[in-house]
Amino acid sequence: MITLSDMPKANIVSSTRKHPENFAKIMSELDKNAIFFFGSQTGTAEDFANRLMKEGEKRYGLRCMIADFDDYDFTVLDQLPSNKIAFFTVATYGEGEPSDNASKFFDFINQEEPPFSCGADPDGGNTPLKNLNYVIFGLGNSTYEFYNHAARTLDARLLKLGAHRIGERGEGDDDHSIEEDFLAWKDAMWSAVHATMMLDQINEEDAPVSPTYTITEYEETNTPETVHYGGLVEHGEVEKPISAKNPHFTSITSTRQLYNSTDRSCVHVEFDIGETNMAYETGDHLGIFPVNSDLEVTRLAEALGFQNGQLDRVVSIEIADTNSTKKCPFPSPTTYKSILRHHLDICTPPSRQLLSDLSSIAHNEPAKTYLKRLAENSEFYDLEIQQPCSSISRILELLEDIQRDIPEHERLKVPFSLLVEGLGKLQPRYYSISSSSSTYPSAVHVTAAVLQYTVAAPNPADNIRYGVTTNYLGSIHNYMNGVSIEGGRPTPKYYIHGVHDPKTGEIMSDNTQPNIKVPCFIRKSSFRLPKNPQSPVVLVGPGTGVAPFRAFVQERVYQVEQGGIVGPTMLFFGCRRREEDFLYGEEWESMFQRLPDSEMITAFSREQEDKIYVQHKLKENRQKIWKVLCDEGGYLYVCGDAKRMAKDIQSVLIEIAGEMGNLDTEQANNYVKHLRAEGRYQEDIWA
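Conventions we followed
Residues numbered from 1 in each chain as written. Predicted model: local features only at pLDDT ≥ 70, side-chain atom pairs only at ≥ 80, totals over all residues. Heavy atoms only, no water. Disulfide = S-S within 2.5 Å. Helix = DSSP H or I, 4+ residues; strand = E, 2+ residues; numbered from the N terminus. Buried < 20%, exposed > 50% of the residue type's maximum accessible area, 1.4 Å probe, protein only. Polar contact = N/O pair within 3.5 Å; in protein donor to acceptor, adjacent residues only side chain to side chain. Domains from an automatic or database assignment. Contact = heavy atoms within 4.5 Å. Buried area = accessible area lost by both parts, 1.4 Å probe. Salt bridge = Lys/Arg side-chain N within 4 Å of Asp/Glu carboxyl O. Pairing = 2+ DSSP bridges. Axes fitted to C-alpha atoms, helices over the stretch in contact; angles between N-to-C directions. Phe/Tyr/Trp six-rings, centres within 6.5 Å; stacked < 30°, edge-to-face > 60°. Lys NZ or Arg CZ within 6 Å of the ring centre and 35° of its normal. pLDDT = per-residue confidence, 0-100.

Side note on the state of the cysteines
Consideration 1: Applying the stated criterion across every chain, the model contains zero disulfides.
Consideration 2: No disulfide involves Cys328; its nearest neighbouring cysteine sulfur is the one of Cys64, lying 18 Å away.
Consideration 3: Left unpaired, Cys520 is separated from the closest cysteine sulfur, that of Cys266, by 18 Å.

Here it is as structure tokens:
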């Protein structure tokens, strides 16, 4: 074998955990004095926790461990002594909810009297966490009603239980720049930690970054028996429920194009869950793990200087520090190609932290200066990275040009292990399920607009960016339906056969098309129809925001067909033109004919000179909406864009409440807040 690092090898920490572990005991046994908990939905909170941990080790000599809430016993939080510190990075998801991996912890900590391991406070002060010192950073999006709700409620709860917060609570806003918020917060936080915990500062700001992982290449004649070619869990793990940490490779049975114009397209995809233990309720989400396109995989490999055949070389990933509790981010041994295709987020712009790490190992002035400027100058980073949405491969290509006059042996060589740590994992994307669980108990339908957009890139020939998952699904649709992309919209190619081409590209029983399987799982949602089916509902879903309402309407039709009594359903839908992008236009009339006192109201924005949106249609029908909400105790549901549409709908609703209810501005706002508090105004929105 060829070892690519001088660091000593360590046994991979198993990701199989049968029971929650006692982190206080582990910290004592391994002599750790700082623990970094993360509640992460998309991987950003986990990345921030890892970055804080590494900085704490490098600058202050902290002895750290990383902790996924899901893996540890919360009851021992009261055992953490005052000479140790806990860091919490927690994301808010949806309607003020914590991330999936933190939900059990939040249920525990929000109990009136959480059953901590040492019992009640022996001093009788109801402050069982009086020895706990902690730091907290929240991740959210200010376009949502419950901005950073998880971090705010956790902070208040810890303080009430007697814990001591060090520094100010940090809050990152993804509607602006969550990275900039994080960077602006952490320096003051470290100063407070340094002073409170009386730490010795180690001046290693410019020291070369040390690797967290080691990469070992196997010779072709000496490869291990078991190699992971894209699987997301280790072979031989104990059976677990299907989840984000244990997705199921689920068959796609059919797809169809809902619309396809010169600049946009949308596909309908059906997944077969009949042979799995996956079950869903109407209103839930489907999490889908994508793969990176062949174009991006090849581009990054070339930028890294990979030689012919090196992408297929088998490698193992191990933790460099034998005393670390950190886990490998994906199953190993594997191949470079599998890592770039299935595991690393190679399309998202690299963080300033990664660029800083690269600058620390650059040994020539042009590369070092450029990378350091990107890492330290937020305006330059925004111009060079954020605005053109530049991936790591594009940055490495620019560096190659910057170093063109530098001798080959002095040019920056990027260690692959640094990318494994700095790029983050390819995360699942969530889609509102567009089928009713009553109508389709063995199938999940997804409605996906295939995202492509242009940016102001330095190279005009490289100005198109592609949504990773939607183009992956679009590629699957093209393959399953024999659609040629020649002469059509530019579309990258994706490897669509799962883990192994020979094994998962199986031939179905009719021998006509491959059984394509995609790793996915059900994410439970609180976006639900009223428990009483007789309650009237108003549904607002322009574009693909109509997806869950297709499911809602199917559900109500099913209830009618079973002899149930169903209240009125009013659906507001908007798109450009009836003949262009009227999603499921052929289905609505038949369904609404079977629903009593129900109607679908459409807004085709570009069929007249003045654009008309769903907001305008709500105003036109304000008397009906007020009757449903005020007189009949009905429900309002909104799905779609959070930044503009959802805010506009809320403004219209406040306006309707003011006019129809004869309320002043404050009273109208309070009325809408009351609807939310009662669960009669619900949103399933995305930024």
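Right, picking up where we left off after that structure.
Considering the side chain of Ser351
Consideration 1: Assignment of secondary structure puts Ser351 in the loop between α7 (336-343) and α8 (352-361).
Consideration 2: Here Ser351 falls in the buried class, since its relative accessible area comes to 12%.
Consideration 3: Separated by 3.1 Å, the side chain of Ser351 and the backbone nitrogen of Leu354 make a polar contact.

So, the domain arrangement of the protein chain
Consideration 1: One can read the domain layout of the protein chain as domain 1 (23-197), domain 2 (248-290 + 428-523), domain 3 (294-422) and domain 4 (537-685).
Consideration 2: In this complex, domain 1 contributes 13 residues to the contact, which on the side of domain 3 involves 10 residues.
Consideration 3: Summed over both partners, the interface of domain 1 with domain 3 buries about 1100 Å², with 40% contributed by carbon and sulfur atoms.
Consideration 4: Broken down residue by residue, the surface that domain 1 buries against domain 3 is led by Leu30, Arg51 and Glu180, which jointly contribute 31%.
Consideration 5: Applying the counting rule to domain 1 against domain 3 returns three salt bridges.
Consideration 6: Between Glu180 and Arg352 there is a salt bridge, with its nearest N and O atoms 2.5 Å apart.
Consideration 7: A total of four residues in the side of domain 1 that touches domain 3 trace back to one element, the largest contributor, which is helix α2 (residues 44-60).

Here's the deal with the sheet that holds strand β10 (residues 248-260)
Consideration 1: The strand order β15-β12-β21-β10-β11-β16 describes an open sheet built from six strands, whose pairing is antiparallel. Each edge of the open sheet is held by one strand with a lone partner, namely β15 (429-432) and β16 (443-450). Neighbouring strand axes in the sheet, compared pairwise and without regard to direction, differ in orientation by 40 degrees on average.
Consideration 2: Judged from the four bridges that link them, strand β12 (residues 285-288) and β15 form a sheet pairing that is antiparallel.

Overview of the environment of Tyr218
Consideration 1: Summarising the element assignment, Tyr218 is placed in the loop between β9 (213-217) and β10.
Consideration 2: The exposure class of Tyr218 is buried, given its relative accessible area of 14%.
Consideration 3: Sequence spacing of Tyr218 and Ser316 is 98 residues, and the spatial spacing of their C-alpha atoms is 8.0 Å.

Brief notes about the packing of aromatic side chains
Consideration 1: Tallied over the entire structure, the rule returns 38 aromatic pairs.
Consideration 2: Aromatic side chains Phe37 and Phe69 sit 5.3 Å apart centroid to centroid with 10 degrees between the ring planes, which places their arrangement in the stacked category. Within this pair, whereas Phe37 is found in strand β2 (residues 34-39), its partner Phe69 is found in the loop between β3 (64-68) and β4 (85-93), the two being separated by 32 residues in sequence. For the residue pair Phe37 and Phe69, the accessibility class agrees, reading buried in each case.
Consideration 3: Here the aromatic rings of Phe137 and Phe182 are separated by 5.4 Å at their centres, their planes lie at 80 degrees, and the arrangement is edge-to-face. With Phe137 in strand β6 (residues 133-140) and Phe182 in helix α5 (residues 178-196), the pair connects residues that are 45 residues apart, well separated along the chain. Neither Phe137 nor Phe182 differs from the other in exposure class; each is buried.
Consideration 4: Aromatic ring contacts, followed pair by pair, group Phe23, Phe37, Phe69, Tyr72, Phe74, Phe88, Phe105, Phe106, Phe108, Phe116 and Tyr134 into a single cluster.
Consideration 5: We note Arg341 situated over the ring of Tyr495; from NZ or CZ to the ring centre the distance is 4.1 Å.
Consideration 6: Of note, Arg373 hangs over the ring of Phe380, and the distance from its end group to the ring centre comes to 3.8 Å.

Things to note about the sheet that holds strand β25 (residues 635-641)
Consideration 1: Ordered in space as β24-β23-β22-β25-β26, the five strands form an open sheet in which the pairing is parallel. One side of each edge strand has no neighbouring strand; the edge strands of this open sheet are β24 (599-604) and β26 (681-686). Neighbouring strand axes in the sheet, compared pairwise and without regard to direction, differ in orientation by 10 degrees on average.
Consideration 2: The pairing of strand β22 (residues 537-540) with strand β23 (residues 569-575) spans four bridges and is parallel.

Considerations on the confidence of the model for the protein chain
Consideration 1: Per-chain confidence: the protein chain averages 89 in pLDDT, with 92% of residues scoring 70 or above.
Consideration 2: Note on residues 1-17: pLDDT under 50 across the span, and 47 contacts to partners over four residues away in sequence or across chains.
Consideration 3: In this model, residues 500-512 is a region of pLDDT below 50 whose contacts with residues beyond four sequence positions or in other chains number 18 contacts.

Here we look at the pattern of salt bridges
Consideration 1: According to the stated counting rule, one finds 53 salt bridges in the structure shown.
Consideration 2: A salt bridge links Arg165 to Asp155; the nearest nitrogen and oxygen atoms lie 2.7 Å apart. Residue Arg165 is located in strand β7 (residues 164-165), and its partner Asp155 is located in helix α4 (residues 149-160); the two are separated by 10 residues in the primary sequence.
Consideration 3: Among the residues examined, Asp155 registers a relative accessible area of 2% and is labelled buried.
Consideration 4: When the shortest N-O distance is used, the salt bridge between Lys413 and Glu408 registers 2.6 Å.
Consideration 5: What emerges from the salt-bridge pattern is a single network uniting Glu296, Arg299, Arg394, Glu397, Asp462 and Arg465.

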